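# Structure assessment
One-letter residues, chain by chain:
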Amino acid sequence: MKVNSVELVISAVKEQQYPNDPFPEIALAGRSNVGKSSFINRMIQRKSMARTSAKPGKTQTLNFYFINENFYFVDVPGYGYAKVSKKEREKWGTMMETYFSSREELKLTVLIVDLRHKPTEDDFLMYDFLKYYDIPVLIIATKMDKVPKSKRQKQLKVISETLDIEPEDRIVPFSAESGEGKEEAWKAIRSYMNV
Ligand code: GTP
Ligand code: MG
């Protein structure tokens, strides 16, 4: 996939700010610090277009990146960061629920999990939530550069069992660091939409 143009159109906190056009959207989802913004950067080959950080809680708004004047990647704040106040968590919940439950342009959610770890209860709930709203899900198991080849299959199995994934869903191993899995991820995305 050749990415010729990328534009950050808006960092939105409320519905009225979402782009007002018919282009399809691919949203990210996943734990704070799991690598959502890094996934976008690797997919579009722009090193620091989406801001990343070694500290959790970097992305705070819904960031709409317009790609090839054809579709959006929507970067979102992560969940599960313990040092967040109750008020912040509620704000996050409202913002995410509004977007995921009612956005017609949302055609696919890329749920990012860490290949090294068993998915958390929050990951399970997020997957369940997407299934409930009938939103197609592509699961990406990232940071594969940190897992020895001999352990990857086992980790994929742990992820698929813990999330209790539906037969129609698949998991693509990926690394934003090395770029492994990038073409497979594009191929999977293209099976859901014409990008
Ligand atoms: P929030 O915006 O806080 O929710 O985090 P995020 O999910 O967007 O994570 P982000 O992309 O900012 O990455 C978090 C940290 O993980 C950064 O230090 C990245 O460099 C690192 N990281 C992301 N993907 C990979 C990967 O595939 N391999 C390795 N080794 N590190 C990664
Ligand atoms: Mg981020």
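Note that the structure is predicted; figures quoted are calculated from it, not measured. (Residues numbered from 1 in each chain as written. Chains lettered and ligands numbered in written order. Predicted model: local features only at pLDDT ≥ 70, side-chain atom pairs only at ≥ 80, totals over all residues.)

Turning our eyes to something else, we now look at the overall build of the protein. Along the protein, the regular secondary structure elements total five helices and seven strands. Secondary structure elements in the protein, listed N-terminal to C-terminal, are β-β-α-β-β-α-β-α-β-α-β-α. Taking 2.2 N^0.38 as the reference for a compact globule, 195 residues should give roughly 16 Å; the C-alpha atoms of the protein span a radius of gyration of 16 Å, in line with that estimate. By its C-alpha atoms, the protein is 45 × 40 × 35 Å across when sized along the principal axes. Counting all 195 residues of the protein, 35% fall into the buried class. (Helix = DSSP H or I, 4+ residues; strand = E, 2+ residues; numbered from the N terminus. Rg over C-alpha atoms; globule rule 2.2 N^0.38 Å. Buried ≥ 20, exposed ≤ 12 C-beta atoms within 10 Å, placed from the backbone.)

On to the site of ligand 1, then. Around ligand 1, 24 residues are found, and the nearest of them are Gly35, Ser38, Thr52, Thr59 and Gly78. Of the residues in the shell around ligand 1, the class split is five nonpolar, 13 polar and six charged. (Near = placed C-beta within 6 Å. Nonpolar A, V, L, I, M, F, W, Y, C, P; charged D, E, K, R; others polar.)

Taken in spatial order, the seven strands of this open sheet run E1-E3-E4-E2-E5-E6-E7, and their pairing is mixed. In this open sheet, the two edge strands, each paired with only one partner strand, are strand E1 (6–12) and strand E7 (171–173). Direction aside, the axes of adjacent strands within the sheet are offset by 25° on average. Pairing of strand E6 (residues 137–142) with E7, which is carried by three bridges, proceeds in the parallel orientation. (Pairing = 2+ DSSP bridges. Axes fitted to C-alpha atoms, helices over the stretch in contact; angles between N-to-C directions.)

Glancing now at the pairing of strand E3 (residues 62–67). Remark: a regular strand shows side chains that alternate across the two faces of the sheet. For E3, a buried count of five out of six residues is recorded, marking the element as mostly surrounded by other parts of the structure. Pairing analysis gives six bridges linking E1 to E3, with the strands arranged antiparallel. When the bridges of E3 are listed, isoleucine 10 appears paired with phenylalanine 64. In this structure, E3 lies alongside strand E4 (residues 71–75), joined through five bridges in antiparallel fashion. Opposite phenylalanine 66, over in E4, you have tyrosine 72 as the bridge partner.

Membership of the largest hydrophobic core comes to 41 residues, with the highest contact counts inside it found for Leu28, Phe39, Val74, Leu111, Ile140 and Ala141. No other element matches strand E5 (residues 106–114), which puts six residues into this core. (Core = buried A, V, L, I, M, F, W, Y, C linked by C-beta atoms within 7 Å.)

Here, UniProt's "domain: EngB-type G" (unreviewed entry) annotation points to residues 22–195. Summarising residues 22–195: 36% helix, 20% strand, and an end-to-end C-alpha distance of 14 Å. (UniProt positions renumbered as here; feature names shortened; annotations may be inferred.)

Time to look at helix H3 (residues 121–132). Taking 1.5 Å of rise per residue, the twelve residues of H3 would be expected to cover 16 Å, and the 16 Å separating its terminal C-alpha atoms lies within 8% of that figure. At its buried positions, H3 is contacted by strand E2 (25–30), E5, E6 and helix H4 (149–163). (Expected span 1.5 Å × (residues − 1). Contact = placed C-beta atoms within 7 Å.)

Here aspartate 134, not a glycine, exhibits a phi torsion of approximately 60°, which is positive. Here aspartate 134 lies in the loop between H3 and E6. When the 6 C-beta atoms within 10 Å are taken as the criterion, aspartate 134 is described as exposed. Phi at lysine 143 is positive, roughly 65°, even though this residue is not glycine. The residue lysine 143 is located in the loop between E6 and H4 in this model.

For proline 24, the position within the fold is in the loop between E1 and E2. As for proline 24 and phenylalanine 73, which are separated by 49 residues in sequence, their C-alpha atoms are 9.0 Å apart. The residues contacting proline 24, other than those within four sequence positions of it, are Phe71, Glu105, Lys107 and Met193.

Bringing the confidence of the model for the protein into the picture now. With 100% of its residues at a pLDDT of 70 or more, the protein shows a mean pLDDT of 95. We note a pTM of 0.96 for the whole complex and an ipTM of 0.99 for its interfaces. (pLDDT = per-residue confidence, 0-100.)

What follows is about the environment of valine 76. Relative to the helices and strands, valine 76 resides in the loop between E4 and helix H2 (86–102). Since 22 C-beta atoms lie within 10 Å of it, valine 76 is described here as buried. Sequence separation between valine 76 and alanine 27 is 49 residues; the distance between their C-alpha atoms is 7.4 Å. Excluding anything up to four places from it in sequence, valine 76 contacts Ala27, Leu28, Ala29, Lys36, Thr59, Leu62 and Met96.

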